[in-house]
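The chain contents come next:
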Amino acid sequence: MQQYSSLPDQNSLIDATPKLLTTIEQLRAQLWLESSLNQLQSRLNDCLLSASNTVPQAGAAQAEIFQAVVNEINSAIHSSNLALTDCAVGIALFQPQETVATVCYASHSPSPNSQPLFVEVLTAEKKLLLRLQEVIKIEDLQQLEHQQPQSAWRLADDSDNVMGWLIIATASLSCDRESLIKSQAQLRSQLMARSAKYCTTALVQLRHILSWSQRYQQLSNSNQELERTNQLKNQFLANTSHEIRTPLSSIIGFTHLLLAPGYEPTRERQQEYLNIIQSSGKHLLALINDILDLSKIEANQLEVQWEIIDVTLLCSNVLALVKEKAANKGLKLCLELEPDITTLVADPLRLKQMLLNLLFNALKFTSKGSVGLRVAPKGVFVHFTVWDTGSGISQEDQVQLFEPYFQIAKAVAGGVEGTGLGLAVTQKLAQIHGGSVKVESEVNRGSRFTLVLPFKQEIGVGGDEADEEAKFSSFPLHFTPSSSVEILLVENDLPNADLMQIYLRKLGYQVTWVQNAGEMWETLTVLEPAVILMDVYLADGNGLNLVQQLREHPQYRTIPVIVQTAMAMKGDRETCLAAGVNDYISKPIDLPLLASLVAKYSKAPNSVDGE
């Protein structure tokens, strides 16, 4: 009987050995590929994590990703004993609409004597050098992408927009195992293809990270700005409350004193109290006007009226306004004008306001000596310098001098009256004029404030309500109206109604007062007024709506209507005029202005010339 062995024969063992070796080599190659890609992914994750933590510039973060891809691929290839050829890796980037790309990233050969490698374009039979700043045509890169073996892989964003190519250049080494070289080429191709995908994915993720970081930064900035605004608002309310309460305390206190039962002050004392009440009221009004001016400026709502100004005349008028205050303190008032200065272009009302702010400050802080205004040209600018021999300002205080509500501590302690807004408003008005305000001062050696303005501005057209009010209030009323002139006063507020009635009746007008719209319509059935004075805010209606209704009735259409209102912001006058009113006066009521307006529209005899 024949016996068979269970062991394989010798020939079968020889045939199995190559298959086993091939399988081991494939496993080693696959492990190398996955390990290299894992290393690349880890490096890209580090780049993305760094970008999310530091919020770098988009270009810098993108460059880090590109360089990481090139370095990791190069390291993987040259650190493996599977690499049988010398290789170089690069990335060529291009801009939309361009026909060439530039090699912006390239690996360095581990051999110091290695020469730059070439990429062969088979269809065109040309070689492309792979080195930094080398320029390659887009059509050549597209050929490298589609030829076999593939030498370029496109890098695209999530919208499939190509931004560049990942390129590999190889130099074959002498080897008698062509099959192994071919397998390694395939392995490198897999590494390059998957690396390109990892790179594009990382770039998309980077874009999202940068977008989120930008939104976070914007929200953070917005929150900080809101917090700062809230702090400023609280500070504004606190400072405003303090500044308003100070004059109000005097007004209420001395009024209470005059009304106190059993207290009968002398006539001189009464006059003193009334002067204090009037002064406190003017101070309160000045504070409100400064707040309004500052609000208009910061809201970019302040309108200026450019005019050619006679500098000599304006400066003389300004000094005339502060002359009495200087005389009361025994101070000498000086004016120095360079002969070369005659005119400049500015808003005359605002220029006067700026100079008065500086002069009043100088008088306020000077107890003896002189206060002066010097005007001199310097190139295309004119310098208005207000100087004094007063107490001076320390360097620490000068830093905050133009901040709203800032007041020097020693001045406040000394009882010097002020709102802390004058210099802030002056500086902002100067900036609107294209100029600035400078300060030079030493403690106990006086101060010099210089208002620098350009000689020329773009001259505009149009008027300003403040000019209109100033025009009327600058001229006293000199006429005796006929007792037959009827005025209808529609006023919701009793104290204002009493004030206007007493004043107008003293001037000789017949005044009929009604409190609301219903009473107005009833009165108009029996009265033909020469002028209607209309409050904007009434208990049973809006004064501007009533004016529009009046204009719809033929019998009332021609009656002049003057509105009195606390509205004092930009556009308020225009809103009133658009409703059909003839003129506008803001509260608190300027009595000479009221008289001028009534005289103008009632056509009283001997009214202000030209009105």
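Because the structure is a prediction, the values reported are computed rather than measured.

(A) How the structure looks around the packing of aromatic side chains. The full count for this structure, using the stated rule, is four aromatic pairs. With centroids separated by 5.7 Å and ring planes inclined at 35°, the aromatic side chains of Phe-94 and Trp-165 adopt a geometry described as tilted. Taken together, the positions of Phe-94 in the loop between strand 1 (86-93) and strand 2 (100-106) and Trp-165 in strand 7 (residues 162-171) put the pair 71 residues apart, joining distant regions of the chain. On the basis of relative accessible area, Phe-94 is assigned to the buried category, the value being 18%. The exposure class assigned to Trp-165 is buried, which follows from its relative accessible area of 2%.

(B) Focus on the packing of helix 12 (residues 494-506) against helix 16 (residues 591-602). Axis separation between helix 12 and helix 16 bottoms out at 11 Å; the angle between their running directions is 60°. When the interaxial angle is binned, helix 12 and helix 16 end up oblique. Judged by the sense of rotation from one axis to the other, the crossing of helix 12 with helix 16 is right-handed. Within the contact between the two elements, helix 12 uses Leu-499, Met-500, Tyr-503 and Leu-504 and helix 16 uses Leu-591, Pro-592, Leu-594, Ala-595 and Val-598. Of the residues assigned to the contact of helix 12 with helix 16, the class counts are nine nonpolar, no polar and no charged.

(C) Highlighting the sheet that holds strand 11 (residues 370-378). Reading across the sheet, the five strands line up as 9-11-12-14-13 and stay open at both edges, with mixed pairing between neighbours. Each edge of the open sheet is held by one strand with a lone partner, namely strand 9 (332-337) and strand 13 (436-441). Across this sheet, the average inter-strand angle for adjacent strands is 15°, counted without regard to direction. Of the pairings in the sheet, the one linking strand 13 to strand 14 (residues 447-454) comprises six bridges and is antiparallel in character. For Val-439, the partnering residue across the bridge sits in strand 14 and is Phe-449.

(D) Representation of the sheet that holds strand 16 (residues 510-514) within the structure. Taken together, the five strands give an open sheet; going across it, the order is 16-15-17-20-21, and neighbouring strands pair in parallel fashion. The strands lining the two open edges of the sheet, one partner per strand, are strand 16 and strand 21 (583-586). Going across the sheet, the axis of each strand differs from the next one's by a mean of 20°, ignoring polarity. Pairing between strand 17 (residues 531-535) and strand 20 (residues 561-565): four bridges, direction parallel. Within strand 20, the residue paired with Ile-532 across the bridge is Val-561. Contacting strand 15 (486-490), strand 16, strand 17 and strand 20, helix 12 crosses the sheet at an angle of about 170° to strand 16. Strands in contact with helix 16 are strand 15, strand 17, strand 20 and strand 21; relative to strand 21, the strand with the most contacts, it is inclined by about 165°.

(E) Structural context of the pattern of salt bridges. This structure, assessed with the given rule, holds 11 salt bridges. Here Glu-34 and Arg-194 are joined by a salt bridge, their closest N and O atoms 2.9 Å apart. Pair noted here: Glu-34 is in helix 1 (residues 10-54) and Arg-194 is in helix 4 (residues 178-259), with a separation of 160 residues, a long-range link. A residue is classified by how much of its surface remains accessible, and Glu-34, at 27% relative accessible area, is partly exposed.

(F) Local environment of the packing of helix 7 (residues 348-364) against helix 10 (residues 422-432). Relative to each other, helix 7 and helix 10 sit at 145°, their axes nearing to 10 Å. Considering only the axes of helix 7 and helix 10, their crossing is left-handed. Contact residues: Arg-350, Gln-353, Met-354, Asn-357, Leu-358 and Asn-361 in helix 7; Gly-422, Leu-423, Val-425, Thr-426, Leu-429 and Ala-430 in helix 10. Tallied by class, residues from the contact of helix 7 with helix 10 come to six nonpolar, five polar and one charged.

(G) Summary view of the nonpolar core. Among the nonpolar cores identified, the biggest contains 46 residues, and Leu-344, Leu-351, Phe-384 and Leu-451 are the most heavily contacted of them. Breaking this core down by element, the ones donating at least two residues are helix 5 (267-298), helix 6 (311-328), strand 10 (343-346), helix 7, strand 11, strand 12 (381-388), helix 10 and strand 14. By residue number, the principal contributor to this core is helix 7, which donates eight residues. Filtering out sequence-adjacent residues up to four positions away, Phe-384 remains in contact with Val-311, Cys-315, Leu-344, Leu-351, Leu-355, Leu-373, Arg-374, Val-375, Phe-449, Thr-450, Leu-451 and Leu-453. By size, the runner-up hydrophobic cluster in this structure holds 38 residues, among which are Leu-33, Val-69, Ile-73 and Met-163.

(H) Quick look at helix 7. In this model helix 7 runs 24 Å from its N-terminal to its C-terminal C-alpha over 17 residues, within 8% of the 24 Å that 1.5 Å per residue would give. With a side-chain oxygen lying 3.0 Å from the backbone nitrogen of Leu-349, the N-terminal cap of helix 7 falls on Asp-347.

(I) Structural context of helix 3 (residues 138-146). Within helix 3, burial applies to Ile-138, Asp-140, Leu-141, Leu-144 and Glu-145. One side of helix 3 carries all its buried residues, which in axial view fall inside an arc of 160°. Summarising the geometry of helix 3, the exposed residues directed more than 90 degrees from the buried face are Glu-139 and His-146.

(J) Highlighting the environment of Leu-144. Position of Leu-144 among the secondary structure elements: in helix 3. Take Leu-144: its relative accessible area is 1%, and that puts it in the buried class. In the structure, Leu-144 is positioned 25 residues away from Val-119 in sequence and 8.2 Å away in space, judged by C-alpha atoms. Discounting residues that sit within four places of it in the chain, Leu-144 has contacts with Val-119, Glu-120, Val-121, Leu-128, Gln-150, Ser-151 and Ala-152.

What counts and how
- Residues numbered from 1 in each chain as written.
- Predicted model: local features only at pLDDT ≥ 70, side-chain atom pairs only at ≥ 80, totals over all residues.
- Heavy atoms only, no water.
- Phe/Tyr/Trp six-rings, centres within 6.5 Å; stacked < 30°, edge-to-face > 60°.
- Helix = DSSP H or I, 4+ residues; strand = E, 2+ residues; numbered from the N terminus.
- Buried < 20%, exposed > 50% of the residue type's maximum accessible area, 1.4 Å probe, protein only.
- Axes fitted to C-alpha atoms, helices over the stretch in contact; angles between N-to-C directions.
- Parallel < 35°, antiparallel > 145°, perpendicular 65-115°, else oblique.
- Left-handed = near helix turned anticlockwise from the far one by under 90°.
- Contact = heavy atoms within 4.5 Å.
- Nonpolar A, V, L, I, M, F, W, Y, C, P; charged D, E, K, R; others polar.
- Pairing = 2+ DSSP bridges.
- Salt bridge = Lys/Arg side-chain N within 4 Å of Asp/Glu carboxyl O.
- Core = buried A, V, L, I, M, F, W, Y, C linked by side-chain atoms within 4.5 Å.
- Expected span 1.5 Å × (residues − 1).
- Polar contact = N/O pair within 3.5 Å; in protein donor to acceptor, adjacent residues only side chain to side chain.
- Arc of directions from axis to C-beta.

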